[in-house]
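Take a look at the letters that make up each chain.
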Amino acid sequence: MRFARTIAGMVLLALGVPALLAGAGLWLAAGHADPDGGFGARFEPVRTPARAVLVTDVDALLRTDLPVARTGQARLHLTARDDHGPVFLGLAPADEVRRWLADVPHSTVRRVAVTRGPLPVDLDPATAGDGVAVPLAQPFWVREGIGSLEWSPAELGGRSLSLVVMRVDGADGLDLRMRGELRAGWFPGLAWALLTGGTLVVVLAVVVLLRPLRPREVVFVVEPDQVPVLAGRLGVTSLSGLGRQPGPASRPERHLVAVGSGTHGRTRAAIAPPPGRCPDDQD
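Note that the coordinates shown come from a computational prediction; the quantities given were computed from them, not determined experimentally. (Residues numbered from 1 in each chain as written. Predicted model: local features only at pLDDT ≥ 70, side-chain atom pairs only at ≥ 80, totals over all residues. Heavy atoms only, no water.)

## Considering the overall build of the protein chain
And step 1. Scanning the protein chain from terminus to terminus reveals five helices and twelve strands.
And step 2. In the protein chain, which comprises 283 residues, the proportion classed as buried is 29%.
And step 3. Sequence-distant contacts, at least 24 apart, represent 80% of the contacts inside the protein chain between residues at least 6 apart.
And step 4. For the protein chain, the exposed area adds up to about 18900 Å²; of that, 59% sits on carbon and sulfur atoms. (Helix = DSSP H or I, 4+ residues; strand = E, 2+ residues; numbered from the N terminus. Buried < 20%, exposed > 50% of the residue type's maximum accessible area, 1.4 Å probe, protein only. Contact = heavy atoms within 4.5 Å. Areas by Shrake-Rupley, 256 points an atom, 1.4 Å probe, with all protein chains shown as cover.)

## Topic: the environment of Asp130
And step 1. Following the sequence through the fold, Asp130 ends up in the loop between β8 (121–123) and β9 (143–146).
And step 2. We classify Asp130 as exposed; its relative accessible area is 71%.

## As for the sheet that holds β9
And step 1. Reading across the sheet, the six strands line up as β8-β7-β3-β11-β6-β9 and stay open at both edges, with mixed pairing between neighbours. One side of each edge strand has no neighbouring strand; the edge strands of this open sheet are β8 and β9. Neighbour-to-neighbour, the strand axes of this sheet turn through a mean angle of 25°, independent of strand direction.
And step 2. As paired elements, strand β3 (residues 52–55) and strand β7 (residues 106–112) share three bridges and run parallel to each other. (Pairing = 2+ DSSP bridges. Axes fitted to C-alpha atoms, helices over the stretch in contact; angles between N-to-C directions.)

## Concerning the packing of aromatic side chains
And step 1. Scanning the entire structure with this criterion turns up four aromatic pairs.
And step 2. Both rings, one in Trp100 and one in Phe140, keep their centres 5.8 Å apart while their planes meet at 70°; by these two values the pair is edge-to-face. Remark: Phe140 occurs in the loop between β8 and β9 and Trp100 occurs in helix α3 (residues 94–100); sequence separation between them is 40 residues.
And step 3. Take Trp100: its relative accessible area is 15%, and that puts it in the buried class.
And step 4. Overall, Phe140 belongs to the buried group, its relative accessible area being 14%.
And step 5. Every member of this aromatic cluster is reached through a ring pair, and the members are Phe88, Trp100, Phe140 and Trp141. (Phe/Tyr/Trp six-rings, centres within 6.5 Å; stacked < 30°, edge-to-face > 60°.)

Here is the structure:
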């Protein structure tokens, strides 16, 4: 029983402690949310002589750098502009975008690091080419916008979509200033649920591990015809006399026995009568 309780307590601790730590981390992160509940961050300026900035696979980028954006009903909102004003942002199937930008100079985003402060964007060098592309004339966009773009990654998850950022007229030379915002309504609720559940599980684990065990009671079931045999084995006349202290009348009488024998085979009392007076003492 003690072994089973120890195992159960350790399992509860293994479940409760990570949940408690995760809830505490989410609760601290929720304290940095915007007044509307979103989490916003600026990107470092993106400068390239190319005509477009391309994220080849948006879902793969989020899976690596921001996996929380792919869960539930979370929504991403991007805003972008350069020195000439708002720029075009669009999501389209990756194979369509690859063919469209085959001869158009573009820079590919390799990674976006999620850190404190402005988010750094790693770009590959611009590709060579002399093609011109105007984004507004293309029919393959799944989501598109001028200056801003919003979508739910969970709704488009599993699809290979590319993100394209470029000037509306398709001119070369980009000096982008971008900002991203993640809105997840389930975030505060999940934080409190993990905190509450983790605390309860840890408390239950402590109770299971530290609660003292009750002494075990052993009950013997004896057939009626076996009662005299059991009483005889226990040295009592009946089982109803178990636990009673014998009274004076029932105590056995003790006698002193001889501890040795005489030279002629006669027994000698253990305690002899007091010796008589010596003849000299009679005078």
